[in-house]
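Geometric and topological summary
Residues per chain, in single letters:
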Amino acid sequence: MTRILVIGGGIAGTATALALHKAGLEVTVHEAHPGTAEDIGAFLTLASNGMRALAQLDASEVVTSRGFPLRTMRVLDGQGAEMAHVPLGEADDALLRYRCLRRAELHTALQAEAVRRGIRLTHGKRLVSVENGTDGVSARFADGSVATGDLLVGADGLNSAVRRSVAPGVEPVYAGQSVYYGYTRTAPVAEETGHITMVRGSAAAFGYAVSPDGEVYWFARVGGEAVPAEELAHPTPSRWREHLVALLGKDATPAAGIVAASTDDLMATHATEIPPGTPWRSGRTVLIGDAAHAASPATGQGASMALEDAVVLAKALRDTPDLDSALSLYEACRRPRVEHNITASGEISRGTRPPSRAAGGPPPQRPGDDTLIAQLDWHRDLHADGDADAGDVGQAG
């Protein structure tokens, strides 16, 4: 197997292309959008595990040139009192520190690095159908073109077209919160950069971080009915801002003032998730990232889990002699970990489970934490210490 098609040029798809290329495989990325990826307004945080995966792809430098590091997290209650102030991840290692950056910045950095390494990335390729065969797989696009390969990787996100061929009828599920993102340079806070503040408010969960140049990045997660699709399609930032200020103003925290001072560079989305147990593969097609296991953003692990996927999939293909065994190994390594994240994040969003670090204690261990370093280590065979039993997860679809 040498030719791999990656559908989707976002974080998961481009990182996977970097990993497969490093493993010596021929890879082409097919992106539906004509230019850079969507979701320009939102920002994200890469956790230490995501930064570790980037380091294995030799992509740390291109990402740490964007955004800013986060070393600690403060937790405030609804009265503004500090409940906890704890270190974030592996803050002592500059390469593994949490990093806050706009989603589009991460897309751009990874895509530019892929092109620099000679990986082919084509835009305007909207997938229509996938055809699995004994000796190969074909992707048909809306422009009439067809691409063939030995394996097709569906990295096309929450509303994955590839998933329709692998798991027909599976759709994202609303996880109980609407999520808003915004920015301001005139917020009524005077804080140093390098930490994120989480506010456990009475009406919403709120978080903010201050960049080195004084810009405040903030998000709010609001429970209840989802923002109507019509509003998402035709945004009304001023109305969203008024709504949030009214909710957040019920508490004695900086949250309402930060939102009130924000610009119209504000966006909203739904917290959604893919149901655990969804098939990830069929024949010569496999899903990764949000296409396979999207979770509510409450744990902040979506992008980091996708980066882990990229490394583990490439290593499984590199270290395993046949395709079916390689995909079984990949799934056995990844499914328990990412589905635990779906469950934990969904419980936080629905209010059925308090955030694990609200009292300042260490987060509970996730499945795979004890083997993650070995699994991500590029120079270590994925089978080295029996990191996963490929027989535990059978062929799906």
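What comes next is a walk through the structure.

Rules used throughout
Residues numbered from 1 in each chain as written. Predicted model: local features only at pLDDT ≥ 70, side-chain atom pairs only at ≥ 80, totals over all residues. Heavy atoms only, no water. Core = buried A, V, L, I, M, F, W, Y, C linked by side-chain atoms within 4.5 Å. Buried < 20%, exposed > 50% of the residue type's maximum accessible area, 1.4 Å probe, protein only. Helix = DSSP H or I, 4+ residues; strand = E, 2+ residues; numbered from the N terminus. Salt bridge = Lys/Arg side-chain N within 4 Å of Asp/Glu carboxyl O. Pairing = 2+ DSSP bridges. Phe/Tyr/Trp six-rings, centres within 6.5 Å; stacked < 30°, edge-to-face > 60°. Lys NZ or Arg CZ within 6 Å of the ring centre and 35° of its normal. Axes fitted to C-alpha atoms, helices over the stretch in contact; angles between N-to-C directions. Contact = heavy atoms within 4.5 Å.

This paragraph deals with the nonpolar core. Core analysis: the biggest nonpolar cluster contains 70 residues, and Leu46 and Leu317 have the highest contact counts within it. The element contributing the most residues to this core is helix H10 (residues 302-319), with 11 residues. Tyr180, Val222, Val227 and Leu244 belong to the second-largest nonpolar core, a separate cluster that totals 24 residues.

Applying the stated criterion across every chain, the model contains 24 salt bridges. A salt bridge links arginine 117 to glutamate 113; the nearest nitrogen and oxygen atoms lie 2.8 Å apart. For the pair arginine 117 and glutamate 113, a shared accessibility class is recorded, and that class is buried. Put simply, Arg102, Arg185, Asp213, Glu215 and Asp265 are held in one network by salt bridges that share partners.

Time to look at the environment of aspartate 290. Looking at where aspartate 290 falls in the secondary structure, it is placed in helix H9 (residues 290-293). Along the backbone, aspartate 290 and leucine 44 are 246 residues apart, and their C-alpha atoms lie at a distance of 14 Å.

On to the pairing of strand S14 (residues 195-200). Within S14, five of the six residues are buried, which leaves the element mostly enclosed by the surrounding structure. Relative to S14, strand S5 (residues 72-76) is paired through five bridges, and the arrangement is parallel. Considered in S14, the bridge of leucine 76 is made with valine 199. Between S14 and strand S15 (residues 205-210), which pair antiparallel one after the other, the connecting turn spans four residues.

This brings us to the packing of aromatic side chains. Applying the stated criterion across every chain, the model contains nine aromatic pairs. Centroid distance tyrosine 180 to tryptophan 240: 6.0 Å. Interplanar angle 70 degrees. Geometry classified as edge-to-face. Of this pair, tyrosine 180 sits in strand S13 (residues 173-184) while tryptophan 240 sits in helix H7 (residues 237-248), placing them 60 residues apart in sequence. The same class applies to tyrosine 180 and to tryptophan 240, which are both buried. Relative to tyrosine 330, the ring of tryptophan 280 lies with its centre 5.9 Å away and its plane at 45 degrees, an arrangement referred to as tilted. Remark: tyrosine 330 occurs in helix H11 (residues 323-350) and tryptophan 280 occurs in the loop between strand S17 (267-273) and strand S18 (281-282); sequence separation between them is 50 residues. Of the residues examined, tryptophan 280 reaches a relative accessible area of 0% and is grouped as buried. Accessibility expressed as a relative area gives 0% for tyrosine 330, which makes it buried. An aromatic cluster is defined as three or more aromatic residues linked by ring pairs; in this entry it consists of Phe43, Phe68, Tyr181, Tyr183 and Tyr217. The ring of tyrosine 183 carries the charged tip of arginine 102 above its face, separated from the ring centre by 3.7 Å.

A few words now on the sheet that holds S15. One open sheet accounts for seven strands, arranged S6-S5-S14-S15-S16-S13-S17; its pairing is mixed. Strands with a single pairing partner mark the edges of an open sheet, and in this sheet they are strand S6 (82-87) and S17. The sheet shows a mean angle of 20 degrees between the axes of neighbouring strands, direction not considered. Note: S13 against strand S16 (residues 216-223), eight bridges, orientation antiparallel. By the bridge assignment for S16, glutamine 177 is matched with glycine 223. Those strands touched by H11 are S13, S16 and S17, and its axis lies near 75 degrees from that of S13.

In short, geometric facts, not functional conclusions.
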